[in-house]
Amino acid sequence: MEKRVKFDFEVYFTNGGSIKGEDFRLDIASEAISNQELADYIIKDLRLLMAGKVIISNKTILNERHKRNAINSEHRKHKLIDLSHTIENGLITYKGLPAPHICDYLSRENSKEFYSEGTSFQIGKIDMVTNTGTYIDCPFHRYEDGEDTAQADLHQLAELPAAVIRIPHTETLEITADHLKNREIRNKAVLIHTGWDQHWNTEHYYEGHPYLTLAAAEYLRDCNVKLVGIDSHNIDCTAGNTRPVHSILLSSGILIVEHLCNLGCLPDENFTFTAAPPKISGVGTFPVRAFASLKNSIDV
């Protein structure tokens, strides 16, 4: 059954005055819609400037035929795609490295003695190696004179034009230069989708994983890509003790993001990629909240 929402609204402007609407009707894609979504849509659709407080009242969901595009479709909701694993207490990201210890530095109960009745806060404490969860590698991770996370330019980390190259781990674990050809990747973030993230946080995840070859790394370097990400345990083969892919990419200033997930939710192109760590001096790796922004999504 198609749904519409009927409501009244009043928008107050920051420079004075207001505008009202009664029995306003809009098509929606689900059984419900929040007041905030309605307020945002009214401001955008009416092209209102300097809008401040918005009051939505008398909201009713109706079973009526749609007259225009629904305003809270799933397509709009998934404009931002989270590509990061959740970091939890005790999580093992890399065998041999300690798991993070996440606890209270100041618990809500203990904080009550410092604040008025009914007011409490929590301050957390984390003991963690920087190679935890979904993380970024900067040149300092490999090279003493390389840039650390504090020196990385935001243009290397945020809103990068991106492309996904799909090489299923069921077909091959060794990703060669030939797998990367016939794609427009220059000046882009290249995300390698292998599907290996399905094994995340299991014993199988740590061994026999997909990786890039030295020649693949050289090809990406020669194509002047900006960043390379992979949804695997390591971008290098970990069967030995050499790390040629890290060495080649990081020596060229090409950042690396490992342990991505949800790459199967992305189109092959026409999106941007962001993976920004805190600005910390003297650190070459750090967890990131990696995500993609789909350019063809509908804004509300």
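Residues numbered from 1 in each chain as written. Predicted model: local features only at pLDDT ≥ 70, side-chain atom pairs only at ≥ 80, totals over all residues. Heavy atoms only, no water.

Draft legend 1. Broad picture of the pattern of salt bridges. Following the criterion strictly, the structure yields 10 salt bridges and no others. Across the pair Glu64 and Arg4 runs a salt bridge whose closest N-O atoms are separated by 3.1 Å. Highlighted residues: Glu64 in the loop between β3 (51–63) and α2 (74–77) and Arg4 in strand β1 (residues 3–13), separated in sequence by 60 residues. Take Arg4: its relative accessible area is 8%, and that puts it in the buried class. Each of the salt bridges in this network shares a partner with another, and the network as a whole consists of Arg4, Arg25, Asp27 and Glu64. (Salt bridge = Lys/Arg side-chain N within 4 Å of Asp/Glu carboxyl O. Helix = DSSP H or I, 4+ residues; strand = E, 2+ residues; numbered from the N terminus. Buried < 20%, exposed > 50% of the residue type's maximum accessible area, 1.4 Å probe, protein only.)

Draft legend 2. Layout of the packing of helix α4 (residues 214–222) against helix α5 (residues 244–251). Packing of α4 against α5 leaves a shortest axis separation of 8 Å and a crossing angle of 10°. In terms of axis orientation, α4 runs roughly parallel to α5. Considering how the two elements wind past one another, α4 and α5 form a crossing that is right-handed. Only Pro244, Val245, Ile248 and Leu249 of α5 make contact with α4, whose side of the interface consists of Leu214, Ala217, Glu218, Leu220 and Arg221. (Axes fitted to C-alpha atoms, helices over the stretch in contact; angles between N-to-C directions. Parallel < 35°, antiparallel > 145°, perpendicular 65-115°, else oblique. Left-handed = near helix turned anticlockwise from the far one by under 90°. Contact = heavy atoms within 4.5 Å.)

Draft legend 3. Fine view of the pairing of β1. In terms of residue burial, β1 counts as a mostly covered element, since 8 of its 11 residues are buried. In this structure, β1 lies alongside strand β2 (residues 18–28), joined through 9 bridges in antiparallel fashion. Directly across from Glu10, in β2, lies its bridge partner Lys20. Here β1 folds back onto β2 in antiparallel fashion, the turn holding 4 residues, of which Gly16 has a positive phi close to 105°. (Pairing = 2+ DSSP bridges.)

Draft legend 4. Layout of the sheet that holds strand β15 (residues 285–287). Read across the sheet, 9 strands follow the order β4-β16-β14-β8-β10-β12-β13-β7-β15 without closing on themselves; strand pairing throughout is mixed. Each of the sheet's edge strands pairs with one partner strand only, and the pair in question is β4 (80–82) and β15. Averaged over all pairs of adjacent strands, the angle between their axes in this sheet comes to 30°, without regard to strand direction. As paired elements, strand β7 (residues 135–137) and β15 share 3 bridges and run antiparallel to each other. Note on β15: the bridge partner recorded for Asp137 is Thr285. On the sheet, α5 packs against β7, β12 (227–230) and β13 (255–258) and is oriented at approximately 140° with respect to β13.

Draft legend 5. Looking closely at α4. All buried positions along α4 are accounted for by Ala216, Ala217 and Leu220. Along the axis of α4, the buried positions cluster into a sector of 100°, meaning they face one direction only. Considering only its buried residues, α4 is in contact with β9 (174–175), β10 (189–193), β11 (211–212), β12 and α5. Directly beyond the C-terminal end of α4, a positive phi value near 60° is found at Asn224. (Arc of directions from axis to C-beta.)

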